[in-house]
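Residues per chain are reported as follows:
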Number of protein chains: 6
Amino acid sequence: MLLKLGIPKGSLENATIDLFRRAGFQITTSSRSYFPGIDDPEIECMLIRAQEMARYVEDGILDSGLTGRDWIEENEAAIVPVADLIYAKQSFGKVRWVLAVPEASSFRTVHDLEGKIIATELVATTKRYMAKHGVKAKVEFSWGATEVKPPVLADAIVEVTETGSSLRANKLKIIDTVLESNTQLIANKASWEDPEKRRKLEDIRMLLQGAINALGKVGLMLNVHKDNLKAVLGVLPALKRPTISHLSDDEWLAVNTILDESTVRDIIPRLKQAGGEGIVEYPLNKIVL
Amino acid sequence: MLLKLGIPKGSLENATIDLFRRAGFQITTSSRSYFPGIDDPEIECMLIRAQEMARYVEDGILDSGLTGRDWIEENEAAIVPVADLIYAKQSFGKVRWVLAVPEASSFRTVHDLEGKIIATELVATTKRYMAKHGVKAKVEFSWGATEVKPPVLADAIVEVTETGSSLRANKLKIIDTVLESNTQLIANKASWEDPEKRRKLEDIRMLLQGAINALGKVGLMLNVHKDNLKAVLGVLPALKRPTISHLSDDEWLAVNTILDESTVRDIIPRLKQAGGEGIVEYPLNKIVL
Amino acid sequence: MLLKLGIPKGSLENATIDLFRRAGFQITTSSRSYFPGIDDPEIECMLIRAQEMARYVEDGILDSGLTGRDWIEENEAAIVPVADLIYAKQSFGKVRWVLAVPEASSFRTVHDLEGKIIATELVATTKRYMAKHGVKAKVEFSWGATEVKPPVLADAIVEVTETGSSLRANKLKIIDTVLESNTQLIANKASWEDPEKRRKLEDIRMLLQGAINALGKVGLMLNVHKDNLKAVLGVLPALKRPTISHLSDDEWLAVNTILDESTVRDIIPRLKQAGGEGIVEYPLNKIVL
Amino acid sequence: MLLKLGIPKGSLENATIDLFRRAGFQITTSSRSYFPGIDDPEIECMLIRAQEMARYVEDGILDSGLTGRDWIEENEAAIVPVADLIYAKQSFGKVRWVLAVPEASSFRTVHDLEGKIIATELVATTKRYMAKHGVKAKVEFSWGATEVKPPVLADAIVEVTETGSSLRANKLKIIDTVLESNTQLIANKASWEDPEKRRKLEDIRMLLQGAINALGKVGLMLNVHKDNLKAVLGVLPALKRPTISHLSDDEWLAVNTILDESTVRDIIPRLKQAGGEGIVEYPLNKIVL
Amino acid sequence: MLLKLGIPKGSLENATIDLFRRAGFQITTSSRSYFPGIDDPEIECMLIRAQEMARYVEDGILDSGLTGRDWIEENEAAIVPVADLIYAKQSFGKVRWVLAVPEASSFRTVHDLEGKIIATELVATTKRYMAKHGVKAKVEFSWGATEVKPPVLADAIVEVTETGSSLRANKLKIIDTVLESNTQLIANKASWEDPEKRRKLEDIRMLLQGAINALGKVGLMLNVHKDNLKAVLGVLPALKRPTISHLSDDEWLAVNTILDESTVRDIIPRLKQAGGEGIVEYPLNKIVL
Amino acid sequence: MLLKLGIPKGSLENATIDLFRRAGFQITTSSRSYFPGIDDPEIECMLIRAQEMARYVEDGILDSGLTGRDWIEENEAAIVPVADLIYAKQSFGKVRWVLAVPEASSFRTVHDLEGKIIATELVATTKRYMAKHGVKAKVEFSWGATEVKPPVLADAIVEVTETGSSLRANKLKIIDTVLESNTQLIANKASWEDPEKRRKLEDIRMLLQGAINALGKVGLMLNVHKDNLKAVLGVLPALKRPTISHLSDDEWLAVNTILDESTVRDIIPRLKQAGGEGIVEYPLNKIVL
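Residues numbered from 1 in each chain as written. Chains lettered and ligands numbered in written order. Predicted model: local features only at pLDDT ≥ 70, side-chain atom pairs only at ≥ 80, totals over all residues. Heavy atoms only, no water.

S.K.: Would you mind going over the overall build of chain A with me for this structure?
M.R.: Along its length, chain A carries nine helices and 17 strands. By the compact-globule yardstick of 19 Å for 289 residues, chain A is too spread out, its C-alpha radius of gyration being 24 Å. Principal-axis analysis of the C-alpha atoms places the extent of chain A at approximately 80 × 50 × 35 Å. When the 289 residues of chain A are sorted by exposure, 56% land in the buried category. Put simply, 69% of the contacts in chain A that link residues at least 6 apart link residues at least 24 apart. Here chain A displays about 12100 Å² of accessible surface, and carbon together with sulfur accounts for 48% of that area. In chain A, the 37 positive side-chain charges and the 40 negative ones have mean positions that sit 4 Å from each other. (Helix = DSSP H or I, 4+ residues; strand = E, 2+ residues; numbered from the N terminus. Rg over C-alpha atoms; globule rule 2.2 N^0.38 Å. Buried < 20%, exposed > 50% of the residue type's maximum accessible area, 1.4 Å probe, protein only. Contact = heavy atoms within 4.5 Å. Areas by Shrake-Rupley, 256 points an atom, 1.4 Å probe, with all protein chains shown as cover. Lys, Arg positive; Asp, Glu negative; His and termini not counted. Charge placed at Lys NZ, Arg CZ, Asp CG, Glu CD.)

S.K.: Which parts of the structure should I look at to understand the pairing of strand β7 (residues 95-102) of chain B?
M.R.: One face of the sheet, then the other: side chains in a regular strand alternate in exactly this way. All names here are of chain B. For β7, the tally of buried residues reaches six of eight residues, placing the bulk of the element in the interior. Bridge count for β7 against strand β10 (residues 156-161) is five bridges, and the pairing is antiparallel. Its bridge partner being in β10, Arg-96 is matched across the sheet by Thr-161. (Pairing = 2+ DSSP bridges.)

S.K.: Honestly, the interface of chain E and chain F in this entry has me stumped. Any pointers?
M.R.: Interface size is commonly expressed as the accessible surface area that is lost when the partners come together. The interface is formed by 24 residues belonging to chain E together with 21 residues belonging to chain F. Together chain E and chain F conceal approximately 2000 Å² of surface at their shared face, both sides included; 53% is due to carbon and sulfur atoms. Inspection of the region where chain E meets chain F yields two salt bridges. Put simply, Arg265(F) and Asp39(E) hold a salt bridge, and the shortest N to O gap is 3.1 Å. Scanning the region where chain E abuts chain F turns up four residue pairs in polar contact (both at pLDDT 80 or more). Elements represented by at least two residues in the side of chain E that touches chain F include exactly α7 (195-214), β14 (243-246), β15 (252-260), β16 (277-283) and β17 (286-288) of chain E. With four residues, β14(E) is the largest single contributor of residues to the side of chain E that touches chain F. Class assignment of the residues belonging to the side of chain E that touches chain F gives a composition of twelve nonpolar, seven polar and five charged. (Buried area = accessible area lost by both parts, 1.4 Å probe. Salt bridge = Lys/Arg side-chain N within 4 Å of Asp/Glu carboxyl O. Polar contact = N/O pair within 3.5 Å; in protein donor to acceptor, adjacent residues only side chain to side chain. Nonpolar A, V, L, I, M, F, W, Y, C, P; charged D, E, K, R; others polar.)

S.K.: I tried to follow the packing of aromatic side chains on my own but got confused; where do I start?
M.R.: Each pair of aromatic rings is reported with the distance of its centres and the angle of its planes. The full count for this structure, using the stated rule, is 39 aromatic pairs over all chains. Between Phe20(A) and Phe25(A) the ring centres are 5.9 Å apart and the planes differ by 65 degrees, which places this aromatic pair in the edge-to-face class. Each member of the pair, Phe20(A) together with Phe25(A), is buried. Put simply, the rings of Trp71(A), Trp97(A), Phe141(A), Trp143(A), Trp71(D), Trp97(D), Phe141(D) and Trp143(D) touch in pairs and so form one group of aromatic residues. Residue placement shows Arg55(A) over the ring face of Tyr56(A); its charged tip is 5.4 Å from the ring centre. (Phe/Tyr/Trp six-rings, centres within 6.5 Å; stacked < 30°, edge-to-face > 60°. Lys NZ or Arg CZ within 6 Å of the ring centre and 35° of its normal.)

S.K.: I keep staring at the sheet that holds strand β13 (residues 217-225) of chain D and nothing clicks. Help me out?
M.R.: Note: strands within a sheet are paired through backbone hydrogen bonds, in either parallel or antiparallel orientation. Pairing in this open sheet of five strands is antiparallel, and the strands run β14(D)-β15(D)-β13(D)-β16(D)-β17(F) from one edge to the other. The open sheet has two edge strands with one neighbour each: β14 (243-246) of chain D together with β17 (286-288) of chain F. On average, each strand axis in the sheet is inclined to that of its neighbour by 15 degrees, with strand direction left out of account. Pairing of strand β16 (residues 277-283) of chain D with β17(F) involves three bridges; the strand directions are antiparallel. When the bridges of β17(F) are listed, Glu281(D) appears paired with Lys286(F). (Axes fitted to C-alpha atoms, helices over the stretch in contact; angles between N-to-C directions.)

S.K.: I'm lost on the interface of chain A and chain C in this one. Help?
M.R.: In this assembly, 24 residues from chain A lie in contact with 21 residues from chain C. Taking both sides of the interface into account, the surface hidden between chain A and chain C amounts to around 2100 Å²; carbon and sulfur atoms contribute 53%. In this assembly, chain A and chain C are joined by two salt bridges. Notably, a salt bridge pairs Asp40(A) with Arg265(C), separated by 3.7 Å at the nearest N-O pair. For the pair chain A and chain C, the interface holds four residue pairs in polar contact (both at pLDDT 80 or more). Listed by contribution, the elements that provide at least two residues to the side of chain A that touches chain C are α7 (195-214), β14 (243-246), β15 (252-260), β16 (277-283) and β17 (286-288) of chain A. The element that contributes the greatest number of residues to the side of chain A that touches chain C is β14(A), accounting for four residues. Partitioning the side of chain A that touches chain C into residue classes produces twelve nonpolar, seven polar and five charged.

S.K.: Teacher, can you tell me more about the packing of helix α9 (residues 261-273) of chain D against helix α7 (residues 195-214) of chain F here?
M.R.: A pair of packed helices is captured by two measures, namely the crossing angle of their axes and the spacing between those axes. Running from N to C, α9(D) and α7(F) cross one another at 95 degrees; their axes reach a closest spacing of 10 Å. If you check the angle between α9(D) and α7(F), you find them roughly perpendicular. Of α7(F), the residues touching α9(D) (which contributes Arg265(D), Ile268(D), Pro269(D) and Lys272(D)) are Asp203(F), Met206(F) and Leu207(F). Its residues assigned to classes, the contact of α9(D) with α7(F) comprises four nonpolar, no polar and three charged. (Parallel < 35°, antiparallel > 145°, perpendicular 65-115°, else oblique.)

S.K.: Which parts of the structure should I look at to understand the pattern of salt bridges?
M.R.: A side chain with one charge can pair with a side chain of the opposite charge if their charged atoms come near. Summed over all chains, the structure comprises 105 salt bridges over all chains. Put simply, Asp63(C) and Lys197(C) hold a salt bridge, and the shortest N to O gap is 2.9 Å. Of the two residues, Asp63(C) sits in the loop between α2 (50-59) and β5 (64-68) while Lys197(C) sits in helix α7 (residues 195-214), which places them 134 residues apart along the sequence. For the pair shown, Asp63(C) and Lys197(C) are each scored as buried. Here Asp40(D) makes a salt bridge to Lys200(D), at a shortest N to O gap of 2.7 Å. With Asp40(D) in the loop between β3 (33-38) and β4 (43-49) and Lys200(D) in helix α7 (residues 195-214), this residue pair connects regions lying 160 residues apart in the sequence. By relative accessible area, Asp40(D) is classed as buried at 4%.

In structure tokens:
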């Protein structure tokens, strides 16, 4: 069994390789080749543009790949979504494709764009969106730098944004969301029906999600006198069941748990207050709950 | 409650942001703004020169900030010192402001400098120091590169140094220490009296010190037969109480402890000799003892 | 006691310093000095070319050093091999010196090279190899870029290779292996007989190997119901004895073990299937088994 | 009068700005703006993708712009070609869009591609080319890295090439030329009819060509005795009329001429032989013959 | 005779060294020394902050130096101004120190600042300016980043600006000009009276100005039939007397002149129209008119 | 006819390519090939280490090459020296191989080194030098960093130096010069006898020397009234015959000459004094006198 896996070339490339490394797979690229190596004889990688990935997975040239939901929809590709890969700080954040117009324009809704020029990289999706709203406009393919086009080169744009800051910097305002997107692991339909490939894809999914889970999480261990255990556990998030073990001194217990890194700064002072001692935070690689 | 916090701009800036990151706070700077973002709605950051920090904390424009004790003293600022932040390898080392003269000169003590020119960035402190010793000299403000001025542009200098190597490279010798300094977390007096701000400042202090504690420390775990436990514990530093837990095999115990990274290379061979097995060293993020 | 230790200058320099750092020694180099600092008063470092290291260790100018087995043999140096330091991903891989000829040539074995020109950096070793096979050839010292010399500047070469890719890129084929090599920690014979220096060298060896062991390994901890313990242990490699401790809930146990990073991706899915919960992978610094 | 001029964003951007600088116009770009400044109040610049330039010039949003003949044809844009800007060493070389297939394939001519997949960035041009040859094939838009697609992702490609080296590196062979291209200065039809804008465009053309003429050319001056003048002139290219002036010594003349830099190395030795003295080569900025 | 010359360290350093290179002096700096070398045995260089230059020239520690008029005035230094060095594109532009206030404030003139805080690096000059206008305000020394201080850390600032863009980016508006400045070559009074040093300073002035003159100028030569000479001369700027020489063909003349680079693009088309042929523009190093 | 030309790889590589460019030859290297391209069909280039160049030119594998006289002598190569290429500022300076010993040692002359260890890259030359002085010493091949070896790893060294600063920095003193060297263009003996190759080599020599001549020289032109001509000519160096031509105004003459760049700063002020007007300095590419 050999799983042909598409790695998105370009802005997601390094983030994807890094995510696989955290998940336990070493992918080695070379500036001269579009076939990165991987230290798993059951996988063969190929670098493919995110825009074209879904097309090649649908056609079966690839068994699976990583790409955005936006480009899957743009290609109207019939594929199997295997997993959503979402973690904002590692380039895997959620993004929106929005309809934006000049701040200084009188456009308020999509209905004001009748007969206007709309520039976008996502031509098919935008045309479907306009049709859905019953608005006739000229949707032009934009080769890039779309957000600088209004008002000189276009009346409105449909463009991807995470925080909106690039749009604001170009004095554009958002008047609607056309599509929400995030990175997905997708599979070819036939490959997903193949038991061996499916097992492999499920393993990859578990490991990728384990690596994503560990991002932004840390381990915390501390000692507590048994009289204070309840108070200490009261501080920890209810949903996480900490590991509690006995120390050789029967009066004391060791508590070990996993926390969101962002909550640690609130929890440590309260643990200390509740009687926690020797509080130690340590880094994690992977979490499979 | 909103705590206005001054981050020292310049040589300490990245080290400070890194320390806060280890403590659990994400500070995000932008080359265009002097108001870095922070992922804590109770804090508002502002980049301020270390030289001016104490002045603005004293005036209450800031509730607190990080700066050196040297600049607090130079400004004779009435502030509350909340914590000394000292860890040499991360730009938070102790430094000295010294009185230095050309190696080739005949100056031996401060008393030889009567009527001479002294160049320094720390004019007020140097003037107080000269007055204390009853020596009259011309103390000139130096805009930088102070250590290259003697003997052509000045007779002596008062300059900051960590290791003295820059002074030696400029053929200067130290004849006295004018001031010792390190980075401090400081607070405005009124802010420190405000219960909410004080609680926040105490939490920040605990987390910053937890992060500093973890620098240069590592975790060590090992298994040991109960007959060897005493020997193994004899090798470990007396002051640290290791966590000892029972394994399912009743003959064996697991020992887990925190050590100075610099001592590990001496301790591991002796632990091995004392019967330690499966000795594993692992990294830490934060320690609150 | 002061141990004079040679650090190989050049391609291995950073990898060696990094390995010592992982082992617990901070080596600080300066672009201006060939005597790096080290934070151990019992050791004095000197940067020496790998090619010359064995000569100076043999002569006793150094007590010990790191160099390749190739250059030890080339110098026919009488030294004590203390440890093989092998870990491919950190520049400490195994390498081969091979006899290579143009793909387009008719040369098939060393015996076809009678009277030909062989370029190499390893002149003495190559001459011994040729003599052993009873072939007379002109062995010329090559100042570098040896692999581009055939067929214009040489008929064959003896050159070092890890993967063979540089040879293939120059259209050369390997017809024999002349020597296999890897990095070694070596000692002067008299130094090895000195009890104090030997104890120090043995400690260094233990710590370097502890650091190498930890490369490519990770810690894994998980909780398991006692009914599933056997199934979970069945998944873990037989040779590694995991640490098993009781949780406060008597029905549950905590399992902690060390695994090859490359096996984790296969083991985690099976642990999950066997009833493992809260599976967490964490990084390690050093392992002394 | 204000001439709106499109500067091609991307690979030609710096070369274009440099060419204008040589022609006497300072264009200043900023990473934050798509409207570069220019030190001529009669011109307003805008950065536009080469692929979209012709479309915007045709529509009159721009009066003129620089782009390739390939993208003019791809857009079937009705514009006025004002000047061909050709100078290979400054990114203004001639290029070809070629039909290429895997070296290992059996495809020999375009007629072998019936029913095959052809990947290209130049979809419309490629479709016209296929139609002209009466071949039906699936022409797919390629988002980049087209040359690595055969044979896995496409059967053939239509791709731009200067030297063919990238194609060879990807083991592709050229079986036909689809289109030859070079950079052009183009104008909107109405703008070209406007006398003021036309005069301005003609001035720009003269200066751009003056700058291109000077690239690869140098000035050469030398002294010659009147008896040797004929011999010296015989060495110089017939078509260039050198400037000959009298020196104060009536027996001697000064000759000053412009030569192709690439011919100087052949001409200087022959001038010397013919009696030239004090031969001096000097650099030029601009040539308007 | 040895002329001690101060080179401004910091932002003007490279521009100054480049200007001297164009003037014919090679200054070589080393990162380790504050005494740059110069290939003229009559000059000895020293790197000095622009802020301190005038003070050391006044005191006679230096014979001369380059610094801004702003810092001469700030130090109220009694020196001889030898030459204004002004050329905007090479960091030698004219600058203004302006009084700026928040755009959103109600301050309109200096008189609205009674009792307010003004931050500046130019404390003495600002105090004199305030006194001159009869306004009492607190003038505070600013260690840098002055323009971000209003309104939080100061009410107004006195800051240097070339184009005003940094002020606008910080939402400040200019309400008065406090001081205009440019770079000057200055001399110590006694040194200027010394005939040898004065001769040397005058030579340096001539060469520096010759180099500045050549910046932004180019040479232009062309051939013209004697019947068209008058028309061609009519196109050239009246003030520049071109060199006109006879060619061997008596009907033709060669014209050689120096022009502002920025006018060439207007003049060349008109020269061509007037009958100029073989128009060639060439670069210049130095011009002493 | 095809001339095989060796380009020295390494420290001289870029300087050599730059010199050929100034001489009129474009050499294009690629990181993947040892056969640089050149825009002259009569020449074929090969990159060769300077140390090995003479050996391959002697053997006729190359017709000619650039290398140092040191390595020619070290190889005792029988080649034809075609031209000395000397220009200090472009890496073509004169260098010396010197015998150096620790400043703190008692060694004064080569005769003090009897029985000592001498480290050098130039083993054969050093052995001949020692033999010539009748001194027996152990000459060891040094793989680099020779100047840091004394006194620990060697007693003395023979090392190349331009200014001696690296030796001084290592606290070594020079006690003799073993060999002086500079870059040479050399030829194979048979190639030099071949009329076509010789003609080609002589052309290359003329152009390389023309390019070297122009380094450090500039053109100077000025106008002068005929009454002042003699005074102006008196200022110019006697050996250079300037070109003097009549202007249309019979009273005035144009003077054009070539000067050493380093003398211009002295000459311009005196030309001005002698009545020179419109003095213009311009850059040169090549000079063949």
